[in-house]
Amino acid sequence: MTTADDSGDGEVEPDNDLRNFGETVKACRKRAGLTQEQLAPLVSYSVQYIASVEQGRRHPSARFVERAEDVLDCFGVIRIAAKRLNRRRGLARWFRRWAELEESAVTLNTYECRSIPGLLQTEAYARAQIRDVPPLPTPEQAEARVVQRLERQALLRKTPFVALSFIIEQAVIERQTGGPEVTRELIDHLLECARLPNVDLQIMPLISPEHAGLDGPFQLLESEEHEWLGYTEGQQTGQVISDPKDVSLLHQRYAKLRIQALNPADSTGLLMRRRGSL
C-alpha cells in the first residue's frame, strides 16, 4: 500500500533544478524497465506522487530519495541529484542564478537598503526576517531558507579570499528586526565580519543629503573570467544584468556610494556606539 505524501511541500512551480531531478528519476525508472504504476508499490508512494516528482512539480522527500535509490539501483545517481537539488531548496527561484555566480566570484560588491545582506545575517536575524514576510512559510520551508542563507556565508572565509564590500543603510540596523537582543547579536556579528581581511563594511548614515543609491539595492560581481555582472531584486523578482553599459552604470553608482558612506573605521565606531545603546 502506498503512503501519504510526507514531503511537507506539496506541488510547487517547476524550476530547472526540480525538472532535472525529475528527469533523473524518470531515466533511472525506465532503465529498470518499470512504469510509474509498477514503481509506486515498490517505493510505497502513489503514482500521482511519482508523476509530480518526475514532472518537476514536487520536492522529493528524503524518504522517497532513499527508496527510489534502493529500488532502482542507480549507483547513487539519485542521491547525488537530490543533494544538488537540496543545495538550492531554500533559495528563491529568481535568486538561484545569482547564487551560482556567487560561488565562483572573485569580487562581490553589495549595496543594501532593505535588510542586512544574507551573507552577513545571523541565524536569529534570518529567522526573524523570514517569519515576518507573508506568505508565512511552513516550518520546513523556513528551515530550508535559514540553512541556505547560513551555508552561503562560507563565501566570507573561502580561500583564496573573495574581495567583499558591503554598504548598508544605518536604518536597516535601527529597525531592530527581531528585537534588541537579536540586534545586539547582529551588531556583534557585523563587527566580527568587518575584521575579516577580505571584507570592507561601510554604513550609510541616517542623514545623507547626497545619496547615489536612491534607485534601490544592487550587487556587482566579478567572475573567475574577470567578467563583471550586476544584480537587482524587487518583489518576487530578480535580474542578472550583463549588458556592459548597465553594469558600468552600477559601477559608477557604487563608487559614489563608497565615497558618501562612512569609511570602514567610522562605520565600526558607529556600530559599536549603537551596540552600547541597546
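Above this text you will find the structure in question.
All values reported here derive from a predicted model rather than from experimental measurement.

Undergrad: Hey, could you go over the sheet that holds strand E1 (residues 107-112) for me, with residue numbers and the actual values?
TA: Read from one edge to the other, the open sheet built from 6 strands follows the order E3-E2-E1-E4-E5-E6, with strand pairing classed as mixed. A single partner strand is all that each edge strand has here, and the edge strands are strand E3 (199-204) and strand E6 (237-241). Neighbour to neighbour, the strand axes of the sheet diverge by 10° on average, direction disregarded. Two strands pair when backbone bridges link them, and E1 and strand E2 (residues 163-169) are joined in this way by 6 bridges, in the parallel orientation. When the sheet's bridge partners are listed, Thr107 is paired in E2 with Ala163. On top of the sheet, helix H6 (residues 96-103) reaches E1, strand E4 (218-222), strand E5 (228-234) and E6; it is set at about 40° to E4, its chief contact.

Undergrad: A description of the side chain of Glu222 should follow, citing residues and the corresponding values.
TA: In this fold, Glu222 is placed in strand E4. Within the buried core, Glu222 has no salt-bridge partner, and the shortest N-O distance to an opposite charge, that of Arg258, equals 10 Å. Here the side chain of Glu222 touches Thr107 through a polar contact of 2.7 Å, side chain to side chain. In this structure the side chain of Glu222 is engaged in a polar contact, spanning 2.9 Å, whose partner is the side chain of His226. Apart from residues lying up to four places away in sequence, Glu222 is in contact with Ala105, Val106, Thr107, Glu227 and Trp228.

Undergrad: Now, about the pattern of salt bridges: what can you tell me, with residues and values included?
TA: Enumeration over the complete set of coordinates arrives at 14 salt bridges. In this structure, the salt-bridge partner of Glu66 is Arg79, at a minimum N-O distance of 3.0 Å. Of the two residues, Glu66 is situated in helix H4 (residues 62-72) and Arg79 in helix H5 (residues 77-87); the sequence distance between them amounts to 13 residues. The exposure class assigned to Glu66 is partly exposed, which follows from its relative accessible area of 35%.

Undergrad: Would you mind going over unusual backbone geometry in detail, with residue names and values included?
TA: Here the amide bond leading from Pro134 into Pro135 is cis, since omega sits at -5°, within 30 degrees of zero. Residue placement: Pro135 occurs in the loop between helix H7 (123-132) and helix H8 (139-152). In this chain, Thr159 is followed by Pro160 through a cis amide linkage whose omega measures -5°. With respect to the element layout, Pro160 can be found in the loop between H8 and E2.

Rules of the game
- Residues numbered from 1 in each chain as written.
- Predicted model: local features only at pLDDT ≥ 70, side-chain atom pairs only at ≥ 80, totals over all residues.
- Heavy atoms only, no water.
- Pairing = 2+ DSSP bridges.
- Helix = DSSP H or I, 4+ residues; strand = E, 2+ residues; numbered from the N terminus.
- Axes fitted to C-alpha atoms, helices over the stretch in contact; angles between N-to-C directions.
- Contact = heavy atoms within 4.5 Å.
- Buried < 20%, exposed > 50% of the residue type's maximum accessible area, 1.4 Å probe, protein only.
- Lys, Arg positive; Asp, Glu negative; His and termini not counted.
- Salt bridge = Lys/Arg side-chain N within 4 Å of Asp/Glu carboxyl O.
- Polar contact = N/O pair within 3.5 Å; in protein donor to acceptor, adjacent residues only side chain to side chain.

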